[in-house]
Structures are given as structure tokens and as C-alpha cells.
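Given next are the chains, with one letter for each unit.
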Amino acid sequence: MKTSVLAALAVAAAALASPALAGDPTGLWQTPTNGGQVRIERCGQALCGTLVTSSHIRADPNVRDQRNKDESQRNRPLRGLRMLSGFTGGPTEWRGGSVYNPEDGGTYRGTITLTNDNTLRLRGCIVAPLCKTQTWTRVQ
């Protein structure tokens, strides 16, 4: 009896430490700026994120990516814009991805860290230590 209880406790402890129980970063996330919401999903083996809405999109559903540093991209709509791409890793941190910021038209190297099931940190860097970090909250 004592052995089976100890075995059950060992299995439970291993399950709690297992990455399989780690949170899933896919879903809809609220950004702290401009009322933005970004849907993070799996794109093959990587994570990517698409802008769903923002205060600019709510004001004008046809608003364009006017600040893009690449002039040929300035006519694409902000709604549905791929903002995050190429993030790999897990179960709580994804690296090596790109973060596009429509506010300044720049693309930055990024890291996504899932701090808990409903909060993540997105860090974008021109080059370290020139980085900015935002905390996003899960909407769904």
C-alpha cells in the first residue's frame, strides 16, 4: 500500500513538472497600446501573430500600413497584418522570431515568454540592449 501511494505521488509530481502541462500561447491577446488585439497561432513549427483589431482599425476599418519603412508595403491593410512570425521553442519561451511594429514601421528580433496562462511578455530588440518589452493579456 505504502509503495503504491509513493508511486502515485511520484507520477503526480512528474506530471506537474511536465512541459505538456505548460500554458498554450495560441489565442487572442490584448496589447497595452492602441487597444490592439493580436491572434497568436501555430504556423507550421513556429508561432505567428496577426493583428485583429486596434483603435485605428475601429476608427477606420480600411486603415493602411502607412508607416512601413518599405514604401511598397504602405498600402496593405492593418487588419489581418502579420505582426509576429518565426518564433520557435517553448514550452514557455519562444525565440528567433520577428516583431513588426506598425507604429514605427520597423521589424525587430523578438522573444515571447508565457509568464502564466493569461499573460505573456513580448520583447522586441533592434540590437540588445536596445529593446522594448510589453505585457499582453489573454482575451480568449
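Here the structure is a predicted model, which means the values were calculated and not measured.

1. Comments concerning the nonpolar core
I40, L84, F87, L120, L122 and W136 are the most contacted members of the largest nonpolar core, which has 20 residues in total. When residues of this core are traced back to their parent elements, those giving at least two are β2 (37-43), β3 (46-53), β4 (82-89), β5 (93-101), β6 (106-116) and β7 (119-127). If we ignore the near neighbours within four places in the chain, the residues touching L120 are W29, I40, I112, T113, L114, T115, Q134, T135 and W136.

2. A word on unusual backbone geometry
In this chain, G90 is followed by P91 through a cis amide linkage whose omega measures 5°. As for its position among the elements, P91 is in the loop between β4 and β5. Positioned with a positive phi, N34 is a non-glycine residue whose angle comes to about 55°.

3. Considering the pattern of salt bridges
Throughout the structure, instances matching the rule amount to four salt bridges. Across the pair R76 and D65 runs a salt bridge, and its minimum N-O distance is 2.9 Å. Remark: D65 occurs in the loop between α2 (55-59) and β4 and R76 occurs in the loop between α2 and β4; sequence separation between them is 11 residues. Take R76: its relative accessible area is 27%, and that puts it in the partly exposed class. When the shortest N-O distance is used, the salt bridge between R95 and E93 registers 2.7 Å.

Conventions and cut-offs
- Residues numbered from 1 in each chain as written.
- Predicted model: local features only at pLDDT ≥ 70, side-chain atom pairs only at ≥ 80, totals over all residues.
- Heavy atoms only, no water.
- Core = buried A, V, L, I, M, F, W, Y, C linked by side-chain atoms within 4.5 Å.
- Buried < 20%, exposed > 50% of the residue type's maximum accessible area, 1.4 Å probe, protein only.
- Helix = DSSP H or I, 4+ residues; strand = E, 2+ residues; numbered from the N terminus.
- Contact = heavy atoms within 4.5 Å.
- Salt bridge = Lys/Arg side-chain N within 4 Å of Asp/Glu carboxyl O.

As far as function goes, none of this settles anything; it's purely spatial.
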